[in-house]
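# Chains, contacts and geometry: an overview
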Amino acid sequence: MASPLPTQDQVPIPVDASFTGDTKASAAGFPTALPLPLADQATTHSISCMMEAEQFVPWSDLRPELVGLVLKRLPSLADRVRLRAVCHPWRSGTISQALPLPFPWLTLPDGTFLSIPGGEVHRMPVPDGVCCHGSIDSSLFLMSSDGAFSLLNPFSKTTLELPNLITAWQREIDDHTAHAAGDPVSYKLVAPSPLGSSPKFLAAALIITNGYSDDLCIIQPPAVTSSFRSTTAEYSTLVDLAFFNGRLYVVSEFYKLFIVDFGENLTSTPNISCVIDSFGDFLGMPPYLNPKEFFQLKQYLVECGGKLLMVQRFMRSAGGFRDTNIQTVGFKVLEADMRTNPGQWRTVSDLGGHALFLGKQSYKSLLAGECCGSQEDCIYFICDYPCPQSSTNPLRDAGIYNMRSGTFRPLHSGTPAVPQRQAGQWDLTWFFPPEAV
């Protein structure tokens, strides 16, 4: 917020206060307008009209619906906390009001969190020595120094202990260490529903090396119920996974989509069947890219607006495949159309009014109206791939792609003072705080 809110309960508000954000002091030494970042003139006008009914009122008597109106237009969780902290009536009067989600945060290498709207860096209480490998909603997917995994909500302090995936995958990790020591090992965890909505938490996890995975775990705490390594050629290299309509889907390196059926007995090996086995619209690239150029390709499997989508991310490297100066230059979005048998990949031109926060280790799609500060049919992407030691900025190659206009813009317009990549071992990933705290 541009300036701190007054904390006096009995500050007189003049009749002619315009609430335009001007904080010029009155004769009494108090601001003549509430210093809040109001979003539009309609909000300003509605507040001014309602305040004309009384010549003087204490700040604490500001109607809850007006405070809520301002809260709904604050994309920053920190600003919402500051506003509610002005006085008890402002907090108690708005505690039950439904609010859109604040704009998500980014985890930074040193274990801090970046709030995108204002560029503020926050610290949250997390155990010492943990490393973040992603998130599910407001919970962080953490690995401790002894290899223990957990989901931690740093706001509510709720912790869900997970099985030790390193034990389940030790052979694969040892193989990776022996043959690909230069590539980092990471993990991805997905769940079929919001945490806490079901008494039986079910999740699936991949071990990821160099952007790909051969190893899949099905988890129902406190145990790994199924762990297997794909061995057949058709799905030996997995690219991503996602739950859709309560079922687990995985996609291979070359366009094939598989459904993983657990059955009633989670301890048995799942049945894996192919539901898309043809290229469809998979081949090709966005029309605005030069087909004679070389592009690196990253693929993401996501649920968005009741559809299962494959998002293709095209990246250009000026010096060829091994060049370190990589930049995202295009996106292509495909829907897994399973209304036919076999299914087909079909190109889509929008996200159905949703905003998609895209990342390799966490993602979330929301209607633009459900996330304050987001824009419909836009992809918010980050640098979620290993960067060379020469690249110290964790926000490099992060931006917003508008599917309607085909244009890019920076994820953050300013230059926030964020720690360099060498500052820690946390992965850069999206994190979704609650509506208010």
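About the thresholds
Residues numbered from 1 in each chain as written. Predicted model: local features only at pLDDT ≥ 70, side-chain atom pairs only at ≥ 80, totals over all residues. Heavy atoms only, no water. Phe/Tyr/Trp six-rings, centres within 6.5 Å; stacked < 30°, edge-to-face > 60°. Helix = DSSP H or I, 4+ residues; strand = E, 2+ residues; numbered from the N terminus. Buried < 20%, exposed > 50% of the residue type's maximum accessible area, 1.4 Å probe, protein only. Lys NZ or Arg CZ within 6 Å of the ring centre and 35° of its normal. Core = buried A, V, L, I, M, F, W, Y, C linked by side-chain atoms within 4.5 Å. Contact = heavy atoms within 4.5 Å. Pairing = 2+ DSSP bridges. Axes fitted to C-alpha atoms, helices over the stretch in contact; angles between N-to-C directions.

What follows concerns the packing of aromatic side chains. The description of two aromatic rings rests on the distance between their centres and on the angle between their planes. Enumeration according to the criterion identifies 20 aromatic pairs in this entry. Both rings, one in Phe381 and one in Phe408, keep their centres 6.0 Å apart while their planes meet at 85°; by these two values the pair is edge-to-face. With Phe381 in strand E22 (residues 378-381) and Phe408 in strand E24 (residues 407-410), this residue pair connects regions lying 27 residues apart in the sequence. Phe381 sits in the buried class, given a relative accessible area of 3%. Residue class for Phe408 comes out partly exposed when judged on its relative accessible area of 33%. Here a set of aromatic residues connected by ring pairs shows up, and it is made of Phe103, Phe357, Tyr380, Trp430 and Phe432. Geometry around Tyr300 places Lys360 over its ring, the cationic atom sitting 5.3 Å from the centre. A cation over a ring is seen here: Lys364 above Phe432, with NZ or CZ 5.8 Å from the ring centre.

Attention now moves to the nonpolar core. In this structure, Leu106, Phe357, Tyr380, Leu411 and Trp430 are the most contacted members of the largest nonpolar core, which totals 20 residues. Going through the elements one at a time, strand E20 (354-358) and E22 are the ones with two or more residues in this core. Residue contacts for Leu106: discarding those within four places in its chain leaves Thr112, Phe113, Leu114, Ile116, Ile382, Leu395, Leu411, Leu428, Thr429 and Trp430.

Let us now look at the sheet that holds strand E19 (residues 344-347). Taken in spatial order, the four strands make up an open sheet running E16-E17-E18-E19, and their pairing is antiparallel. Only two strands of the sheet have a single partner each, and these edge strands are strand E16 (296-304) and E19. Going across the sheet, the axis of each strand differs from the next one's by a mean of 35°, ignoring polarity. Note that strand E17 (residues 307-317) and strand E18 (residues 326-337) share nine bridges and pair antiparallel. Pairing of Met315 across the sheet is with Thr328, part of E18.

A word on unusual backbone geometry. Omega for the bond connecting Asn341 with Pro342 falls within 30 degrees of zero, at 5°, which places this linkage in the cis form. The topology assignment puts Pro342 in the loop between E18 and E19. We note that Asn245 has phi near 55°; this positive angle belongs to a residue other than glycine. Take Asn245: it is sitting in the loop between strand E12 (238-244) and strand E13 (247-252). For Asn245, a relative accessible area of 66% translates into the label exposed. In this structure, Asp397 is a non-glycine residue whose phi angle is positive, near 55°.

Within the secondary structure, Gly305 is located in the loop between E16 and E17. Since its relative accessible area comes to 40%, Gly305 is described here as partly exposed. Here the alpha-carbon distance between Gly305 and Leu356, two residues 51 residues apart in the chain, equals 9.9 Å.

This part takes up the sheet that holds E20. Picture the strands of a sheet paired through backbone hydrogen bonds; they go either parallel or antiparallel. One open sheet holds the five strands; their spatial order is E21-E20-E22-E23-E24, and the pairing between them is mixed. Edge positions in the sheet fall to strand E21 (364-367) and E24, since each of these pairs with one other strand and no more. Taking the axes of each pair of neighbouring strands and ignoring which way they run, one obtains an average angle of 20° across the sheet. One ladder, built from four bridges, connects E20 with E22; its direction is parallel. Paired with Phe357 across the two strands is Tyr380, which belongs to E22.

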